[in-house]
Amino acid sequence: MIGQYCFALRSADGAPIPSMMAYRLYGWLLEQLPEDIGRQLHEQGEKPLSQYIRYDKAENRTLWVVSVFQGELYELLEPVLESISCIALRQTTLQAALLDKRCFASAQEFVLYARELRLPSRVTIRFHTTSSFKQDGSYVIFPQERLLLRSLLAKWSAWFPEYSLDDEDAAAALERGVRITDYQLRSGRYTLKSARIPGFSGHLTLSSALSAPMQEVWKLLLVLAMQWTTAPLSSHLLTQFEYRADENLSRHVALPPDLAEDEEAQS
């Protein structure tokens, strides 16, 4: 089972919820799991649990989005996610209201869903949160094609080994056929524990010129990006994606269609 949940959050006194609160929410989620499972998630590389918060300016509310990519973990978290109304954190309590959820019964259903989507030759990816790549131990603050593609391929193969994309020829073909053709990015930093991590936010446009089989793989990775939201602890690419077809900026696929873009949040 693959699931994504979107909640509206409100503090007890109505005060704004800072983006750094996402780190505490991640810890709260781990506390809802058996101790051994929480420890495994904390230690493993490609984590099948990710979350972030963002501010929805149009509705004047803070959104919390949680994604789960592994069946056993989903079974443990589903009762928690379905029943959340109040989240007691140290020194504060948050009210949570479920706005939307999207679930896939299996990786096969996920693949079939991707296959049915139409994919234009140009897509725009929006980095809502301050985001960063890590390469050779250092942060790279520009979203290079290779880093983007390799990150998505690694996540897919780790989470869905029955449909592994661990093929060097396929990865090389994607790198040759996908190019950044436009971008509007700004630099920024986010806090991870006591460190200030350099990164970027904004959007970039990717053009693809791929064979039919590789176009299907590219489409699958974009759908994964739609569903995937990451926390700083969870991956080398720290962001939330939104899929947009050409200049059709009103089409929101990753979240409910009424959600407006924002400039806040990092989990």
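Residues numbered from 1 in each chain as written. Predicted model: local features only at pLDDT ≥ 70, side-chain atom pairs only at ≥ 80, totals over all residues. Heavy atoms only, no water.

Undergrad: Help me understand the nonpolar core, please; the structure alone is not making it clear to me.
TA: Nonpolar side chains tend to gather and get buried jointly when the protein is soluble and globular. Core analysis: the biggest nonpolar cluster contains 42 residues, and W156, L206, W218 and L221 have the highest contact counts within it. When residues of this core are traced back to their parent elements, those giving at least two are helix 4 (107–116), strand 6 (122–131), helix 5 (145–159), helix 6 (168–177), strand 9 (178–192), strand 10 (195–208) and helix 7 (212–227). Element by element, the count of residues in this core is highest for helix 7, at ten residues. Not counting the four nearest positions on each side in its chain, L206 is found in contact with S121, R122, V123, I125, E145, L148, V178, R179, I180, T181 and W218. Counting residues in each nonpolar core, the second largest holds 28 residues, with L9, V66, L77 and I84 among its members. (Core = buried A, V, L, I, M, F, W, Y, C linked by side-chain atoms within 4.5 Å. Buried < 20%, exposed > 50% of the residue type's maximum accessible area, 1.4 Å probe, protein only. Helix = DSSP H or I, 4+ residues; strand = E, 2+ residues; numbered from the N terminus. Contact = heavy atoms within 4.5 Å.)

Undergrad: What should I look at first to understand helix 4 in this one?
TA: Residue pairs three or four apart in sequence face the same way in an α-helix, which turns once every 3.6 residues. Looking at helix 4, one finds that the buried residues are A107, F110, V111 and A114. Relative to the axis of helix 4, the buried residues are bounded by an arc of 100 degrees and lie together on one face. (Arc of directions from axis to C-beta.)

Undergrad: Would you explain the packing of aromatic side chains in this entry?
TA: For any pair of aromatic rings, the description consists of the separation of the ring centres together with the inter-plane angle of the planes. Summed over the entire model, instances satisfying the criterion amount to twelve aromatic pairs. Taking the centre distance of 4.3 Å and the plane angle of 10 degrees together, the rings of F69 and W159 count as stacked. With F69 in the loop between strand 3 (61–68) and helix 3 (71–83) and W159 in helix 5, the pair connects residues that are 90 residues apart, well separated along the chain. Of the residues examined, W159 reaches a relative accessible area of 9% and is grouped as buried. (Phe/Tyr/Trp six-rings, centres within 6.5 Å; stacked < 30°, edge-to-face > 60°.)

Undergrad: What is the right way to read the sheet that holds strand 2 (residues 49–56) from this model?
TA: Picture the strands of a sheet paired through backbone hydrogen bonds; they go either parallel or antiparallel. What the five strands build is an open sheet, ordered 2-3-1-5-4; its pairing is antiparallel. Sheet topology places strand 2 and strand 4 (86–89) at the edges, where each strand pairs with a single neighbour. Strand-to-strand, the axes of this sheet are offset by a mean angle of 30 degrees, without reference to chain direction. Across eight bridges, strand 2 lies against strand 3 in antiparallel orientation. The residue bridging Y52 from the neighbouring strand is V65, located in strand 3. On top of the sheet, helix 1 (residues 21–31) reaches strand 1 (2–11), strand 2, strand 3, strand 4 and strand 5 (92–104); it is set at about 145 degrees to strand 2, its chief contact. (Pairing = 2+ DSSP bridges. Axes fitted to C-alpha atoms, helices over the stretch in contact; angles between N-to-C directions.)

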